[in-house]
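# Observations on chain architecture
So the chains spell out like this:
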Amino acid sequence: MIYLLVFLISTLGILLLFGGRILLRNRAVRRFVRSVKNRFDSVEERGAVLVEETPIVKPRRNPRTSAIELQKVRAFMRSAERALALQENGEAEQFFIQALTIHPQSVDARAQLAKLYLTTGRYAKAEALYKELLQTREDVSFFSNLGLAYYNQEKYVDACHAYQEALNRDPQTPERSAALGRACIAARRFEDAAPLLEKALTRLSKDTELMHMLAECYIQMQLKEKAEETYRRINKIEPYNEGVKEKISALANA
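Residues numbered from 1 in each chain as written. Predicted model: local features only at pLDDT ≥ 70, side-chain atom pairs only at ≥ 80, totals over all residues. Heavy atoms only, no water.

Quick look at the confidence of the model for the protein chain now. The predicted model of the protein chain has a mean per-residue pLDDT of 83, with 74% of residues at 70 or higher. The model gives residues 39–59 a pLDDT under 50, and that stretch makes two contacts with residues more than four places away or in other chains. (pLDDT = per-residue confidence, 0-100. Contact = heavy atoms within 4.5 Å.)

What follows concerns the packing of helix H8 (residues 174–186) against helix H10 (residues 208–220). Running from amino to carboxyl end, H8 crosses H10 at an angle of 40°, the nearest separation of the two axes being 11 Å. In this view, H8 runs oblique relative to H10, as classed from their interaxial angle. Of the two possible hands of crossing, H8 and H10 adopt the one that is left-handed. Counted together, Ala178, Arg182 and Ile185 of H8 and Glu209, Leu210, Met213 and Cys217 of H10 form the full contact between these two elements. The class makeup of the residues in the contact of H8 with H10 is five nonpolar, no polar and two charged. (Axes fitted to C-alpha atoms, helices over the stretch in contact; angles between N-to-C directions. Helix = DSSP H or I, 4+ residues; strand = E, 2+ residues; numbered from the N terminus. Parallel < 35°, antiparallel > 145°, perpendicular 65-115°, else oblique. Left-handed = near helix turned anticlockwise from the far one by under 90°. Nonpolar A, V, L, I, M, F, W, Y, C, P; charged D, E, K, R; others polar.)

Turning our attention to the environment of Lys224. Along the chain, Lys224 falls in helix H11 (residues 224–237). The class for Lys224 is partly exposed, based on a relative accessible area of 42%. Along the chain, Lys224 and Ile248 lie 24 residues apart, while their C-alpha atoms are 9.9 Å from each other. Contacts of Lys224, omitting those with residues within four sequence positions, involve Leu251 and Ala254. (Buried < 20%, exposed > 50% of the residue type's maximum accessible area, 1.4 Å probe, protein only.)

What follows covers helix H5 (residues 123–136). In this model, H5 (14 residues) spans 20 Å end to end at C-alpha, consistent with the 20 Å of a helix rising 1.5 Å per residue. Taken residue by residue, H5 has Ala126, Glu127, Leu129, Tyr130, Leu133 and Leu134 as its buried positions. (Expected span 1.5 Å × (residues − 1).)

Below is the structure:
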């Protein structure tokens, strides 16, 4: 009986201890919440305004600014065209560069500047620009002009590759075949050049320059009869060309 009484008293003591702790903890929590609320109320009384968090939005490009920049680019391009008409190449170059300063990705401005470099003999600069342009747009004229830039720097194998790309995209234009044939001759690829020149001459039947190149190909390939036949075609168009007559005679007696 005594043991039971001791047990009950001990259990009651333990329960009272835990209950007291929980009560104290709840009171502490309520006191903390009350203090926070009081601080919040005092802030509002002083006129403070809480600022809500907003996600950061990347500013969009102002359409009006883009339109103004586009107008400036067009103005520089028109100024460059006027300078080219007056053969003021230096002025035109500066206008193209100013246009590209505003709009570096302008294909038209870069293409015009590359063409200017090509026509004024700055072939390395033209080559670099046409390579950049072809990364953006695989235009047949860019391949063709890149081929010419290579050719004028005596990079004949590279010229063949560029002209071949142009021909692949525009196989019906005889000038494409002629340009590739000319580059193949310069690269001493006569067997590749001959059929290209033959193809070009089916459309450009009066082009004696191409005929001279074709005849030279035949000579290099040891096809003397075809070379003589080609020179006779030239002789019909240029009957007073003594140099052609001498070649015909030399081939006939070979």
